[in-house]
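The primary structure of each chain is shown beneath.
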Amino acid sequence: MNEVKNIFCIGRNYAKHAVELGNEVPEAPILFTKPTHALTYAKGEDITFPDDKGEIHHELEIILHIDKPVKKGDRLEDVVSDISLGIDFTLRDVQSELKKKGQPWDRAKGFPNAAVTTERFSFPGIEACRKETFSLLKNGEVAQEGTINEMMFDFQAIIDECQEVFGLGAGDLIYTGTPEGVGPIKDGDQFEFFWGSERIGSFSVVMK
C-alpha cells in the first residue's frame, strides 16, 4: 500500500448537489486539495470534530487510489487498482464566508479529520461501478446515496484533469464528488458506509 502523497478533490460533480447548495452547475471540474493531515480512517471508532467552527457538513464520495505515475492518455484501469468510500467534511459556515470574500476554501476543507476514508478495496471495473450504488447511513437512516451515472465528469475525465493540472503519482487520492443529501453532523452521530449492500466502514462523531 502506497503512502498517501496528495489528496485531490472534485467539487460540484453531481448536478443535484450543486443545486441543493444554490451553486452554479460547473462546465469544467472544480478542483481543490486537502492536506494529508486531514486524512483519517473509518474503522468503527470515534472521530473528533471542532464544536466552535459552525456547521460541519458530511459529503459522501468515492475515492480513487492512484497506484503509479500517470501520463497523459493513461486509462483509468491502468492507474487505479483500488477505490474506497469517504467523506469530504466541510466547515460550511466558514466556507460561506470565504466564498463571499473570494478567498480559497482551504480553511473550510483542510482541518484535522476533514478527509475520512474507509479501507480501500479492489476497483471492480467501470461497468461494475455503473451498476452499483454507494450510500451513507446516519443513525441508521440513509443520508446520501448515489451512483457514478449521476456524475457530470466521470472517473476518466477526473483523472485526465488532475493529471494535467497537478500531475498524478503513486499514493495520490482523488475524492470524486458528492451526491445530494449533504447535511450537518452533531455529537453522537453514527455513520456507516455501504457499497451496494456491503457495509465497509463506520465511525462515531465526537464534537469538542
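In what follows, the accompanying structure is described. Every value quoted in this text rests on a predicted model; they were computed, and no experiment measured them.

## Describing unusual backbone geometry
If a residue is not glycine, its phi is most likely negative; likewise, a peptide bond is most likely trans.
Okay, step 1: If you check the backbone angles, Arg12 has positive phi at about 50° while not being a glycine.
Okay, step 2: Given a relative accessible area of 18%, Arg12 falls into the buried group.
Okay, step 3: Phi angles above zero are rare outside glycine, and Asn113 is one such case at about 70°.
Okay, step 4: Among the secondary structure elements, Asn113 is positioned in the loop between α4 (106-109) and β9 (115-117).
Okay, step 5: On the basis of relative accessible area, Asn113 is assigned to the buried category, the value being 19%.

## What to know about the sheet that holds strand β15 (residues 190-195)
Sheet strands associate in pairs through backbone hydrogen bonding, adopting either a parallel or an antiparallel arrangement.
Okay, step 1: Ordered in space as β4-β16-β15-β11-β12, the five strands form an open sheet in which the pairing is mixed. Here the strands that pair on one side only, and so sit at the sheet edges, are β4 (43-49) and β12 (141-146). The sheet shows a mean angle of 25° between the axes of neighbouring strands, direction not considered.
Okay, step 2: For β15 and strand β16 (residues 198-207), the ladder comprises six bridges, and the chain directions are antiparallel. If you follow Trp195 over to β16, its bridge partner there is Glu198.

## Some thoughts on helix α3 (residues 92-101)
Okay, step 1: What α3 keeps buried is the set Arg92, Gln95 and Leu98. Here the buried residues of α3 occupy an arc of 120° about the axis, which is enough to place them on one side. Turned more than 90 degrees away from the buried face of α3, the exposed residues are Lys100 and Lys101.
Okay, step 2: Directly after α3, the chain includes Gly102, whose backbone phi takes a positive value near 70°.

## Examining helix α6 (residues 155-165)
Okay, step 1: Residues Phe155, Ile158, Ile159, Cys162 and Gln163 constitute the buried set of α6. Here the buried residues of α6 occupy an arc of 125° about the axis, which is enough to place them on one side.
Okay, step 2: Remark: Gly167 follows α6 within two positions and exhibits a positive phi of approximately 85°.

## Observations concerning the side chain of Asn13
Okay, step 1: The topology assignment puts Asn13 in the loop between β1 (6-11) and α1 (15-20).
Okay, step 2: A polar contact is formed between the side chain of Asn13 and the backbone oxygen of Thr176, at a distance of 2.9 Å.
Okay, step 3: Excluding its chain neighbours within four sequence positions, the residues that come into contact with Asn13 are Glu150, Met151, Met152, Phe153, Ile158, Thr176 and Gly177.

Reading the values: the criteria
Residues numbered from 1 in each chain as written. Predicted model: local features only at pLDDT ≥ 70, side-chain atom pairs only at ≥ 80, totals over all residues. Heavy atoms only, no water. Buried < 20%, exposed > 50% of the residue type's maximum accessible area, 1.4 Å probe, protein only. Helix = DSSP H or I, 4+ residues; strand = E, 2+ residues; numbered from the N terminus. Pairing = 2+ DSSP bridges. Axes fitted to C-alpha atoms, helices over the stretch in contact; angles between N-to-C directions. Arc of directions from axis to C-beta. Polar contact = N/O pair within 3.5 Å; in protein donor to acceptor, adjacent residues only side chain to side chain. Contact = heavy atoms within 4.5 Å.

None of the figures reported here should be taken as evidence of function without further support.
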